[in-house]
Amino acid sequence: MTKIAVEIEKSRRRRLEVGSLTLSAIVGLYLIIFANFTFWAKVHAYLSESPFAIAGLYVGISAIFIALISFVSVKYIFKPFLAFLIVVAAAASWFMDSFGVIIDSDMVRNAFQTTPAEAGNLITEGFIWHMVIFALFPILFICRVRVKHRSFPQKLLWNTVAITSYFIVFGLAAFANSKTYTTAIRQHKDLVKSLNPVNPIAGAVHFFTQAGAEAQLVVAPLGLDAKITPALAGVKKPRVTIIIAGETARAANFSLNGYDRDTNPELRKRDIVYFPNTTSCGTATATSIPCMFSQFTREDYSHKKGLANENVLDVLSHAGVDVAWWDNNTGSKGVATRVPFEDLVETNDPKFCREGECLDAIFLDKVDTWLDTITKDSVVVIHQMGSHGPTYHMRYTEEFRKFVPDCQTSELGKCKDSEIVNAYDNTVLYTDHFLATLIDKLKGRSGKLATGLIYASDHGESLGENGIYLHGAPYVLAPAEQTHVPFLVWFDEDFSRSMGLDKSCLVKEAGLRAYSHDNFFHSILGMMNIATSVYDTNLDVFGSCKTVRTS
C-alpha cells in the first residue's frame, strides 16, 4: 500500500461513523429544534392551556420527521438529500422568523418572478450569517461523517421496523390529543403552514406542477365585440386615462383614509374622489396585478384563469383604444403580454435609478412626451415601485424624508418598529406627490384632451403588527393591513361630462359602499365608454352615478 493510500485509510478511520437511521434521527431533530422557532412559538401560544398536547406534538412531529427522512436513507443520494433539506429549512426559517411570513406556493411564485435587485435587498448580512450557522456548518458535519449502510436485505428490514415504529409513535401522539389538535388547526390555519421545511417544499412542488400545466395554456379572447361609444355632452377631445397600479400601499397609512399623520397633503388639495373601504384581490403582486385587471372576482379568480383569458387591456385594444404599459417594478405578470410594454428600470437612468431600482419620478417626463402625441382615446398603465419593502428608504428622496428617524436598511430587525413606520410613511408621502404631479400634468392638458386618472394599490403591507412584516400572507390568514388598500380617481370637467358622471353622487357613494379589485375591470371600461357584453354596470364604481349607462 502506498503512503498516500495509507494516509487516506487513516483519515477514513478517523472520521466519525454513523448509521443511516441514526443520522436520519440527528437531522430530523435538528430541523425540529433549530429550523422551527416560528412553528413552536405558535404551538406554545395556541396550546398554552394544554401542556400535554404540546409535549405530544414535540414527540409526534419529531417521529414523523425522522420517519420521512429515513425513507430516503439510500446510499449516494442520502447526503445530498439531507443537505437539500437543511438549506431549504435554514433559508425558510430566516424569512419566517424575521418577517413572520408563510412560505406557500404563492410565495414561491413571488420569489421566482422577482427581480435581481429585489432579491438582493433580502440577501442581507444577517441572512448570510444565518445560512452559515444553520446550513453550512451542519452540512459540513454531514460531509465529514461516514454513513454506515447495511446490506440491502438488512436495510429493508431495519428501516421498515424503524419507520413503522416512528409512525406508530406519531399516531399515538396524534390520537391521544386529537381533539386539541383538530380544534387548534381549525382555529389557527397558519399553524400547519408554519411547519418547516414541509410547507415550503410542498409549496414549491405545487408551484412547479402549476407552472408546467400553465405553460400549455392557450389564451381565450375576451370582449371581441367591444366598441367605444360616443362621448356625451358634445365632448370631441381625445379621452385619456392614466391607470396607476400602486405597489404595497396600505390604506391604514393614508391620511385620506383617516390616518393621523398627514401623508397625503398634495392629493388632499386636488379634486379627487377617494374610496375608503377597498380590499385587494391578493396579498402579493403576482396574484393581485393579474387579478385586478381580469374580469374575475376574487372568489372566482385563479392564477390559471388569469393566464388563460384576455384582460381589460385586451378589451380596450379590441375597442380601438391605444393602450400601453410602463413598468418600474417586477413586470406586468402577464397582463401586458399583448400590448406595448416598456420596462423603465432597464434604462438605468442615473437621475432616478441606483442598485437596479428606480424612483417613480422616472415616469414623469415620459408622461409629458406621451401626452404630446395623443390623437385618439388612449390609456397607459403605470406600474409603480411605490412603497415596496424592505428597502423603504430607497423609495423616496431626501426632500420627502419628513418622518424621522427612518429605517435606512433592508434588514428590518436592526430597526425599531417606529423607524420602519417612519420610512414607510415617507414612501406614502412620495407617492402622494407623484400622483398629484400626474394629476397636474393631466389638468394642464385639459385644453386639448379630456383627462382622467385611476389609482389602486395591488396589496398592503404589515409593519410589525403581531410580529408580521412585509406582505404575501395567505389571503384567509392575512391581516387587514395587507388587504385594505387605497383607491382613488380624478377627472377633469370634460372627462366627467363625456362619461355622463354625476360627481357629487360619486363622492357620496364612495364613502358609503365597500369596494374591491373586483370593480377595477368594469370601472376602467366604464371610464372609457366601452360597450361590450363582458361589462357589468353593477361592478362599475361609476355605474350608479351615470346619467347614461354603458351597456
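The structure reproduced in this document is the subject of the present report.

The rules behind each value
- Residues numbered from 1 in each chain as written.
- Predicted model: local features only at pLDDT ≥ 70, side-chain atom pairs only at ≥ 80, totals over all residues.
- Heavy atoms only, no water.
- Helix = DSSP H or I, 4+ residues; strand = E, 2+ residues; numbered from the N terminus.
- Contact = heavy atoms within 4.5 Å.
- Areas by Shrake-Rupley, 256 points an atom, 1.4 Å probe, with all protein chains shown as cover.
- Lys, Arg positive; Asp, Glu negative; His and termini not counted.
- Charge placed at Lys NZ, Arg CZ, Asp CG, Glu CD.
- Core = buried A, V, L, I, M, F, W, Y, C linked by side-chain atoms within 4.5 Å.
- Buried < 20%, exposed > 50% of the residue type's maximum accessible area, 1.4 Å probe, protein only.
- Disulfide = S-S within 2.5 Å.
- Phe/Tyr/Trp six-rings, centres within 6.5 Å; stacked < 30°, edge-to-face > 60°.
- Lys NZ or Arg CZ within 6 Å of the ring centre and 35° of its normal.
- Pairing = 2+ DSSP bridges.
- Salt bridge = Lys/Arg side-chain N within 4 Å of Asp/Glu carboxyl O.
- Polar contact = N/O pair within 3.5 Å; in protein donor to acceptor, adjacent residues only side chain to side chain.

## What to know about the overall build of the chain
- A count of helices and strands for the chain gives 21 helices and 17 strands.
- When the backbone C-alpha atoms are referred to their principal axes, the chain occupies close to 95 × 50 × 45 Å.
- Within the chain, residue pairs in contact and separated by at least 24 positions form 78% of the contacts whose partners lie at least 6 positions apart.
- Approximately 24,100 Å² of the chain is accessible, and the part contributed by carbon and sulfur atoms is 61%.
- Both charge centroids of the chain, one from 52 positive and one from 55 negative side chains, sit 9 Å from each other.

## Overview of the nonpolar core
- Judged by nonpolar contacts, the single largest core of 98 residues is most densely connected at Leu31, Ile242, Trp326, Ile382 and Leu438.
- If near-sequence neighbours (up to four positions away) are discounted, Leu31 is found in contact with Asn36, Phe65, Ile69, Leu85, Ile86, Ala89 and Pro197.
- Residues Ala226, Ile243, Leu525 and Cys545 belong to the second largest nonpolar core, which totals 46 residues.

## Some points on unusual backbone geometry
- The amide bond that connects Asn196 to the next residue, Pro197, takes the cis arrangement and shows omega of 5°.
- Residue placement: Pro197 occurs in the loop between helix H11 (190-193) and helix H12 (198-214).
- Unlike most non-glycine residues, Ala233 shows phi in positive territory, near 60°.
- Here Ala233 is to be found in the loop between strand S3 (227-228) and strand S4 (239-246).
- With a relative accessible area of 47%, Ala233 lands in the partly exposed category.
- Backbone geometry places Asn529, a non-glycine residue, at a positive phi of 55°.
- Residue position: Asn529 is located in the loop between helix H21 (520-527) and strand S17 (530-531).
- According to the relative accessible area criterion, Asn529 is buried, its value standing at 3%.

## What about the state of the cysteines?
- Taken as a whole, this structure holds four disulfides when the rule is applied.
- Each disulfide pairs two cysteine sulfurs, and for Cys353 the partner residue is Cys358, the sulfurs being separated by 2.0 Å. Because the torsion about its S-S bond is 100°, the bridge between Cys353 and Cys358 counts as right-handed.
- Between Cys407 and Cys415 runs a disulfide, and the two sulfur atoms are separated by 2.1 Å. One quick way to see it: the torsion about the S-S bond of Cys407 and Cys415 is about 75°, and its sign makes the bridge right-handed. As far as the burial class goes, Cys407 and Cys415 line up, both buried.
- Here the disulfide map of the chain reads 1-2, 3-4, 5-6, 7-8, the bonded cysteines being numbered as they appear in the sequence.

## Some thoughts on the packing of aromatic side chains
- Counted according to the given criterion, the structure contains 21 aromatic pairs.
- Grouped by ring-pair contacts, the aromatic residues Phe275, Phe293, Trp325, Phe487, Tyr515 and Phe520 constitute a single cluster.
- Here Arg239 stacks its cationic end above the ring of Phe495, 4.3 Å away from the centre of that ring.

## Focus on the sheet that holds strand S12 (residues 450-457)
- One open sheet accounts for seven strands, arranged S5-S15-S12-S4-S11-S7-S8; its pairing is mixed. With one partner strand each, in any of the chains shown, strand S5 (273-274) and strand S8 (341-343) form the two edges of the open sheet.
- By the bridge criterion, five bridges tie S12 to strand S15 (residues 487-491) in an arrangement that is antiparallel. Residue Gly452 lies in a different strand from S15, and its bridge partner there is Phe491.

## Side note on the side chain of Asp377
- Of note, Asp377 is situated in the loop between helix H16 (364-373) and strand S11 (378-383).
- This buried residue, Asp377, is left without a salt bridge; Arg239 holds the nearest opposite charge, at 4.5 Å.
- Reaching out from Asp377, the side chain makes a polar contact with the backbone nitrogen of Arg239 at a distance of 2.9 Å.
- Filtering out sequence-adjacent residues up to four positions away, Asp377 remains in contact with Ile228, Lys237, Pro238, Arg239, Val321, Asp322 and Met528.

## Quick notes on the pattern of salt bridges
- Counting across every chain of the model gives 24 salt bridges.
- Residue Arg268 is joined to Asp262 by a salt bridge in which the shortest nitrogen-to-oxygen separation is 2.6 Å.
- Of the residues examined, Arg268 reaches a relative accessible area of 47% and is grouped as partly exposed.
- Taking relative accessible area as the criterion, Asp262 reaches 27% and is therefore assigned partly exposed.
- Close ionic contact of Asp440 with Arg270 constitutes a salt bridge, the shortest N to O distance being 2.5 Å. A residue pair is termed long-range when its members are at least 10 positions apart, and Asp440 in helix H17 (residues 417-443) and Arg270 in the loop between S4 and S5 qualify at 170 residues.
- The partly exposed category is assigned to Arg270, whose relative accessible area is 22%.
- Among the charged side chains, a network of salt bridges with common partners joins Asp368, Asp372, Lys441 and Arg445.

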